[in-house]
Amino acid sequence: MARELKFEQPFDLGLSVTMGQAFRWYELPLDFYGDGDKWFSGVLGESLVHIRQTDASVEYRVGGPDGEWEATLADDEMLRRYFREDDDVIAIYSDISRDSAIARLVEQYCGMRVLRQEPWECTVAYICSANNNIRQISSIVERVAAEFGNSVELNGDARCLFPPPERLAQDDAESGLDSMNLGLRRAANTVSVARSVSSGALDLYALRSESYARATVEIRDCPGVGNKIADCIALFSLDKLEAFPVDVHIGRALAEWADCPFPQDTGRLADRQYARIGSWARQHFGPFAGYAGQFMFCDREQSGNVAASDALSKKVEGTAGKLRTAPEHNASRHPNRDFPCSKCGAAVGQVCRYPSGYRYERGHSERGPRR
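Report follows, based on the coordinates. These numbers come from a predicted model, not from an experiment.

Definitions and limits used
- Residues numbered from 1 in each chain as written.
- Predicted model: local features only at pLDDT ≥ 70, side-chain atom pairs only at ≥ 80, totals over all residues.
- Heavy atoms only, no water.
- Buried < 20%, exposed > 50% of the residue type's maximum accessible area, 1.4 Å probe, protein only.
- Helix = DSSP H or I, 4+ residues; strand = E, 2+ residues; numbered from the N terminus.
- Pairing = 2+ DSSP bridges.
- Phe/Tyr/Trp six-rings, centres within 6.5 Å; stacked < 30°, edge-to-face > 60°.
- Expected span 1.5 Å × (residues − 1).
- 1 Å grid on protein atoms, 1.4 Å probe; cavity = no way out; pocket = protein on both sides within 12 Å on 5 of 7 lines; lining within 4 Å.
- Points joined across faces, edges and corners; volume = space filled by probe spheres on them.
- Nonpolar A, V, L, I, M, F, W, Y, C, P; charged D, E, K, R; others polar.

Considerations on the pairing of strand β4 (residues 47-53)
Looking along a regular strand, one sees side chains alternate from face to face of the sheet. Within β4, six of the seven residues are buried, leaving the element largely enclosed by the surrounding structure. As paired elements, strand β3 (residues 39-44) and β4 share six bridges and run antiparallel to each other. Its bridge partner lying in β4, Val43 is registered against Leu48. Between β3 and β4, which pair antiparallel in sequence order, lie two residues; one of them, Gly45, sits at a positive phi of approximately 60 degrees. The pairing of β4 with strand β5 (residues 58-64) spans six bridges and is classified as antiparallel. Counted as the bridge partner of Val49 is Val62 from β5. Adjacent in sequence and paired antiparallel, β4 and β5 are bridged by four residues.

Following this line, the structure appears as structure tokens:
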């Protein structure tokens with residue numbers, strides 16, 4: 001039986017669970033419950049959760065090893081913690097709206113929330129995220145759960161709990177992880193972190209009470225964890241809302257801010273470069289810079305993972321220089337892209353000058369001119 005849960009401040013379920021923060025949510029078929037509503041399935045802690053958004057609240061069901069059980073106040077609290085109901089999101093939105101471009105994104109994606117995930121699962125998921133997209137990461141995390149976790153079920157939807165660190169610290173775990181095409185390095189890194197957590201050498205929960213700087217230093221000591229992954233773990237599981245993860249796509253968007261110290265060479269960022277960008281973001285966007293960054297990432301995903309939106313394009317409209325010729329390989333990869341860009345007017349074979357340099361318009365290169 002579904003239980004109702006009300007949120008007093010803006011909340012958008014779909015934007016919160018599908019925009020690259022967590023990797024264990026998927027949309028159920030519209031006829032799953034016969035009501036035509038959009039239900040999401042996710043595994044939280046020891047529970048399988050089905051949840052949908054209604055006009056005034058959310059409704060959810062929970063299940064475990066023996067199927068559906070009656071949801072209680074404890075389940076309400078689990079969801080309130082996960083969706084950070086304790087955040088004053090109205091105040092946060094107001095604070096990050098000091099920047100006009102972010103203010104437009106807040107208006108467009110109002111209700112998007114940063115999630116508070118379980119630190120152990122979040123850490124493993126992001127260790128597995130290197131060089132993978134969201135779909136691939138989700139697939140990896142599901143395979144790890146299926147191989148090592150216990151089964152749960154809810155109205156015919158069968159999932160598995162994420163395994164505890166003690167399970168992935170066992171001797172057979174590395175070979176099992178490697179057999180799932182996780183890769184030797186990721187498998188070894190995951191087992192190493194599992195052993196640190198299970199032995200008590202690394203207390204992820206204790207890092208929630210540490211400063212952002214101290215927490216990220218501790219996390220970066222883990223094998224397979226670099227600057228960006230450490231910031232993701234800090235933001236999405238350790239309550240460090242000032243953490244500002246920077247990948248190449250966010251970096252190119254940041255390059256549109258005149259005073260941002262993003263380098264012209266947009267390859268792998270050196271530690272010093274990454275630190276300067278993070279410091280700039282925390283000063284520019286404020287103590288909730290992580291929310292600003294997630295709105296930017298959300299916008300990229302909503303735009304098809306190909307461009308900054310109109311909200312960001314207004315910062316550089318009309319400022320691009322002479323168009324260059326796109327690489328020949330782009331035309332061969334995308335032969336049907338045969339009309340001009342709707343934003344900058346570039347013809348087939350020319351490089352799109354749309355903000356961030358990552359717009360797959362027809363006939364365009366996937367990379368725009370460096371700024």
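Topic: the packing of aromatic side chains
In total, this model carries 15 aromatic pairs according to the counting rule given. Consider the rings of Phe11 and Phe83, whose centres lie 4.9 Å apart with planes at 70 degrees: the pair is edge-to-face. Taken as a pair, Phe11 in the loop between β1 (3-5) and α1 (13-18) and Phe83 in the loop between α2 (73-82) and α3 (89-96) lie far apart in primary sequence, 72 residues in all. Judged by centre distance (4.9 Å) and plane angle (75 degrees), the rings of Phe32 and Tyr33 are edge-to-face. Among the aromatic residues, ring-to-ring pairing joins Phe7, Phe11, Trp25, Tyr82 and Phe83 into one connected group.

Observations regarding unusual backbone geometry
The backbone phi angle of Arg84 is positive, close to 55 degrees, even though this residue is not glycine. The topology assignment puts Arg84 in the loop between α2 and α3.

Section: helix α14 (residues 289-302)
Counted at 1.5 Å a residue, the expected span for α14 with its 14 residues is 20 Å, and the 20 Å between its end C-alpha atoms agrees. Most of α14 sits out of view: twelve of its 14 residues are buried. Listed in full, the buried residues belonging to α14 are Ala289, Gly290, Tyr291, Ala292, Gly293, Gln294, Phe295, Met296, Phe297, Cys298, Asp299 and Arg300.

Considerations on the layout of surface pockets
Roughly 1600 Å³ of internal volume is contained in the largest pocket. Surrounding the largest pocket, 46 residues form its lining, Ser129, Ala130, Asn131, Lys228 and Asp247 being those nearest its centre. Tallied by class, the residues present in the lining of the largest pocket amount to 19 nonpolar, 18 polar and nine charged. Of the volumes computed, that of the second largest pocket is approximately 740 Å³. Lining the second largest pocket are 36 residues; nearest its centre among them are Leu44, Gly45, Glu118, Glu121 and Tyr205. Elements with a contribution of two residues or more to the lining of the second largest pocket: β3, α2, α5 (119-127), α6 (134-148) and α7 (165-168). Top contributing element to the lining of the second largest pocket by residue count: α5, with six residues. Each residue belonging to the lining of the second largest pocket can be placed in one class, and the counts come to 23 nonpolar, four polar and nine charged.

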